[in-house]
Amino acid sequence: MGCDIHLYLEKKVYDYPKEEKKNRKWLSLDKWVQNEDSLSDNDSLVWDTIYKESTYNGGRNYNLFTALANVRSGYFDPPAPFISAPKGLPHDVSIPIKMRSEYYGSDGHSHSWLTLKELKEFDFSRFGDTCKEFIDEVIPKMEAQEVDDDEVRIVFWFDN
């Protein structure tokens, strides 16, 4: 059985000038649409992203999954480095991403998040070019937000 990643992008926004650090919240930067073809258990519409416009479309890349959260890492001997063990969904995750995670229920696992700072500090070279597509696709989208590296993050989980 294969393992897939569901990865979304968030940016920290403020209701007041940034210097006051008041009412900060995370805003999903993915484009969300109602998926009328699939209804959740409570008969409400499911929100989804448009695949071609999503943050990352790299498919199954177990080297990347290992690097991000030590998921599917059993192929490495000695064990490969990873950025962080799964942290769970952030307590302040944006509503669309939280709803999407709830839709996956127990099929979703190893929920986590990483800031641009954490991604930049990690040495992906252990994985050769296998993570290049992710780096080339996601990092520029994060940098384009023109905020501090700890004010933009990816939120992700996996399903089998």
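As the structure is a prediction and not an experimental result, all values here were calculated from the model.

(A) The pattern of salt bridges, seen in detail. As enumerated under the stated definition, the model contains 10 salt bridges in all. When the shortest N-O distance is used, the salt bridge between K87 and E118 registers 2.9 Å. Here E118 lies in helix α3 (residues 116-121) and K87 lies in the loop between α1 (62-69) and α2 (95-104), a separation of 31 residues in the sequence. A relative accessible area of 31% means that K87 is categorised as partly exposed. The partner of R153 in a salt bridge is D92, with the nearest N and O atoms 3.2 Å apart. You can see R153 sitting in strand β6 (residues 152-159) and its partner D92 sitting in the loop between α1 and α2, a full 61 residues away along the chain. Taking the relative accessible area as the measure of exposure, D92 reaches 22% and is therefore partly exposed.

(B) How the structure looks around the sheet that holds strand β5 (residues 108-115). Across the sheet, which stays open at both edges, the 4 strands sit in the order β2-β1-β6-β5 with antiparallel pairing between neighbours. Every interior strand has two partners, whereas the edge strands, β2 (25-28) and β5, have only one. The mean angle between the axes of side-by-side strands here comes to 30°, regardless of whether they run parallel or antiparallel. Across the face of the sheet, helix α4 (residues 132-143) comes into contact with β1 (4-13), β5 and β6 while running at roughly 140° to β6.

(C) Molecular detail of the packing of aromatic side chains. For the structure on display, the rule yields 11 aromatic pairs. When the ring of F122 is compared with that of F124, the centres are 4.9 Å apart and the planes differ by 85°; the resulting orientation is edge-to-face. Summarising the burial analysis for this pair, F122 and F124 share the class buried. Each ring, one from F124 and one from F134, has its centre 6.4 Å from the other, and the planes form 45°; the classification is tilted. Pair noted here: F124 is in the loop between α3 and α4 and F134 is in helix α4, with a separation of 10 residues, a long-range link. Per residue, the accessibility class of F124 equals that of F134, and both read buried. What links up through ring pairs into an aromatic cluster is the set Y62, F65, Y75, F156 and F158. Lying over the aromatic face of W26, R153 brings its terminal NZ or CZ to 3.8 Å of the ring centre. Across from the ring centre of W113, 5.6 Å away, lies the NZ or CZ of R153, which sits over that ring.

Rules behind the numbers
Residues numbered from 1 in each chain as written. Predicted model: local features only at pLDDT ≥ 70, side-chain atom pairs only at ≥ 80, totals over all residues. Heavy atoms only, no water. Salt bridge = Lys/Arg side-chain N within 4 Å of Asp/Glu carboxyl O. Helix = DSSP H or I, 4+ residues; strand = E, 2+ residues; numbered from the N terminus. Buried < 20%, exposed > 50% of the residue type's maximum accessible area, 1.4 Å probe, protein only. Pairing = 2+ DSSP bridges. Axes fitted to C-alpha atoms, helices over the stretch in contact; angles between N-to-C directions. Contact = heavy atoms within 4.5 Å. Phe/Tyr/Trp six-rings, centres within 6.5 Å; stacked < 30°, edge-to-face > 60°. Lys NZ or Arg CZ within 6 Å of the ring centre and 35° of its normal.

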